[in-house]
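# Chain and residue survey
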Amino acid sequence: MKQEALRLLSFLTASALLGWLTGHPGWAFAGGFLAYIVLHLRQLERLQAWLKGSHDADLPESTGVWGEIFDSIHALRRDEQRAKGSLLGIIERARASVAALKEAVVLIDDHGNLEWWNPAAEQLLGLQTVTDTGQPVTNLIRDPVFIRYFEQGPYEESLLLPSPIHPAQQLQFNLTRFGRNDRLMIVTDITRLHNLEQMRKDFVANVSHELRTPLTVLTGYLETLLGQADALEPRWLRALQQMDAQAARMNNLVNDLLLLSRLENDAREQEPRPVNVPALLAQLRSEALAFGLEKWQTVTLDCEEGLRLVGREDDLRSAFSNLVTNAVKYTQPTGSIRLRWWADAEHVYFSVQDNGIGIDAQHIPRLTERFYRTDVARSSATGGTGLGLAIVKHVLLDHRARLDIQSAPGKGSTFTCVFPAALAVR
Ligand code: ADP
């Protein structure tokens, strides 16, 4: 700036000198100013031409304040270009890594239209770059289950569906919202896992089914033999009684496994309909009293009369019965058990409360796993299969409900089934 002030001063001095020599100081000053302004206008013109031109054009040579301006703009441009280059590099690397993924990655805009996808999406979902860009995703994946999932959200759980182009292929859809209601959809091919899982389910179902006939024959003969107990030697009688008890246990196990298989495979005959839960619970209470006859426990029932639940009656009976039977099994003689059935604005509840042995907190998260028992000896002694709570969990899942477990060792437990209020009928 100092340099520029000096330049202006020299212009003015020269004009003053010229004015003094020619005797026209006014004109000489005006001429001097004009020349100074023209000089700046010329530099401005060069700057404009350079800015308009290509980024690689040579930097115009200049001195003084204009030289500094040209240098600063040049430095800014160079930094910007470097930043842009490195950003493009990052974008390119991200794009290449997403393109290399086996999972389909699909970007969907806030209107639900397809914006971008990787090559795996073309193979798994049949998307085609040219024709499908900008199309609603629900035009390309037309399964009503997908449409409902996509439109309703909230995408907390993934969705399993066959591929729209290869029905034998099983896909897992995961959606996440980002930005202004844009959505990122990741689709994984889980055919292998799905087939293995199906094989496991089929295997358990087949084995349980095949075990039924030999078991029926065995228990039939045992019954006949035990019917002639008087004719039996005492040691044979004891052996046969033990065989009978174990056969009964095995029968329970097979029945529970078959029930679990049916629940897992959605192979149920019954359609959901309003179930008279109060009547069902009255029955379960009588059964509990009969089952724990020698324990002299009190079993109370608090019911909201007339409160019915839309569901599968047989499955609900199995689930509730397992909870009630557990309370009887794991509560000491003369203990008390309380069954409750009620609703509030959001949920419908069935709870079984006992003042029995209780459960240590570390076991609670795993109780609904198959064959998980806190005390194997006690469970076997009470005729447990270790499958009861797994059945409860599956039945509740099927009714969009959850199981809440509160327990303290030595104090007792409360198992609560929490159903959505939408299933209540009054
Ligand atoms: P089981 O056939 O062994 O009873 P469940 O799946 O019904 O199998 O229960 C799993 C385990 O949870 C039981 O072995 C027991 O340890 C524990 N349990 C279930 N209900 C109760 C209860 N009311 N009080 C204490 N422990 C319980």
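It should be noted that the structure appears before, not after, this text.
Quick notes on the rules
- Residues numbered from 1 in each chain as written.
- Predicted model: local features only at pLDDT ≥ 70, side-chain atom pairs only at ≥ 80, totals over all residues.
- Heavy atoms only, no water.
- 1 Å grid on protein atoms, 1.4 Å probe; cavity = no way out; pocket = protein on both sides within 12 Å on 5 of 7 lines; lining within 4 Å.
- Points joined across faces, edges and corners; volume = space filled by probe spheres on them.
- Helix = DSSP H or I, 4+ residues; strand = E, 2+ residues; numbered from the N terminus.
- Nonpolar A, V, L, I, M, F, W, Y, C, P; charged D, E, K, R; others polar.
- Core = buried A, V, L, I, M, F, W, Y, C linked by side-chain atoms within 4.5 Å.
- Buried < 20%, exposed > 50% of the residue type's maximum accessible area, 1.4 Å probe, protein only.
- Domains from an automatic or database assignment.
- Contact = heavy atoms within 4.5 Å.
- Near = heavy atom within 4 Å.
- Polar contact = N/O pair within 3.5 Å; in protein donor to acceptor, adjacent residues only side chain to side chain.
- Areas by Shrake-Rupley, 256 points an atom, 1.4 Å probe, with all protein chains shown as cover.
- Sits in = over half its atoms within 2 Å of the grid points.
- Pairing = 2+ DSSP bridges.
- Axes fitted to C-alpha atoms, helices over the stretch in contact; angles between N-to-C directions.
- Expected span 1.5 Å × (residues − 1).

### Remarks on the layout of surface pockets
- Its boundaries defined by the atoms lining it, the largest pocket holds a volume of some 1300 Å³.
- In terms of lining residues, the largest pocket is bounded by 29 residues, among which Glu157, Ser158, Leu159, Leu160 and Leu397 are the most central.
- Within the residue set of the lining of the largest pocket, elements represented by two or more residues are α7 (144-152), β3 (159-162), α8 (191-227), α9 (234-264) and α13 (388-398).
- The element best represented in the lining of the largest pocket is α8, accounting for six residues.
- A breakdown of the residues in the lining of the largest pocket according to their chemical character gives 11 nonpolar, seven polar and 11 charged.
- Within this model, the second largest pocket holds a volume of roughly 720 Å³.
- Every element with two or more residues in the lining of the second largest pocket is listed here: α9, α11 (313-329), α12 (376-381), α13 and β12 (412-420).
- The element contributing the most residues to the lining of the second largest pocket is α11, with seven residues.

### A look at the nonpolar core
- Core analysis: the largest hydrophobic core is formed by 45 residues, its most contacted members being Leu309, Phe320, Leu323, Trp341, Phe350, Val352 and Phe419.
- Elements represented by at least two residues in this core include exactly α9, α10 (277-291), α11, β9 (336-343), β10 (347-354), α13 and β12.
- The biggest single contributor to this core is α11, with seven residues.
- Residue-level mapping places this core at the junction of two domains, with at least three residues from each of domain 3 (195-264) and domain 4 (273-425).
- Those residues in contact with Phe350 that sit more than four places away from it in its chain are Leu281, Phe320, Leu323, Val324, Leu339, Arg340, Trp341, Phe415, Thr416 and Cys417.
- By size, the runner-up hydrophobic cluster in this structure holds 22 residues, among which are Ile108, Leu127, Leu171 and Leu175.

### Notes on the side chain of Thr191
- Within the fold, Thr191 resides in helix α8.
- Contact partners of Thr191, with chain neighbours within four places excluded, come to Ala168, Gln169 and Gln170.

### Concerning the environment of Cys303
- Looking at where Cys303 falls in the secondary structure, it is placed in strand β7 (residues 298-303).
- For Cys303, a relative accessible area of 24% corresponds to the partly exposed category.
- Ignoring anything within four residues of it in the chain, the contact list for Cys303 reads Pro278, Leu281 and Trp341.

### Description of the site of the ligand
- The ligand sits among 21 residues. The nearest are Tyr330, Thr374, Ser379, Gly386 and Leu389.
- Contacts to the ligand include Thr374, whose side-chain N or O atom sits 2.6 Å from an oxygen atom.
- Protein burial of the ligand: of its 540 Å² of free accessible surface, 98% is covered by the chains.
- In a pocket analysis with a 2 Å cut-off to the grid points, the ligand is assigned to the second largest pocket.
- Considering every element that reaches the shell around the ligand, the biggest residue donor is α11, with three residues.
- Broken down by class, the residue content of the shell around the ligand amounts to nine nonpolar, nine polar and three charged.

### What to know about the sheet that holds β10
- Judged by pairing direction, the sheet is mixed, and its five strands sit side by side in the order β7-β9-β10-β12-β11 without closing on themselves. Strands with a single pairing partner mark the edges of an open sheet, and in this sheet they are β7 and β11 (402-408). Averaged over neighbouring strand pairs, the angle between their axes works out to 10 degrees when direction is ignored.
- Alignment of β9 against β10, held across seven bridges, turns out to be antiparallel.

### Comments concerning α11
- With 17 residues, α11 should cover 24 Å at 1.5 Å per step; its first-to-last C-alpha distance of 24 Å lies within 8% of that length.
- Of all the residues in α11, the buried ones are Asp315, Leu316, Ala319, Phe320, Asn322, Leu323, Val324, Asn326, Ala327, Val328 and Lys329.

### Observations concerning the sheet that holds strand β1 (residues 104-108)
- The antiparallel open sheet is built from five strands, whose spatial order is β2-β1-β5-β4-β3. Whereas interior strands pair on both sides, the edge strands pair on one side only; in this sheet they are β2 (114-117) and β3. The mean angle between the axes of side-by-side strands here comes to 30 degrees, regardless of whether they run parallel or antiparallel.
- Summarising the sheet, β1 and strand β5 (residues 182-189) pair through five bridges and their orientation is antiparallel. Residue pairing across strands places Ile108 opposite Arg183, the latter belonging to β5.

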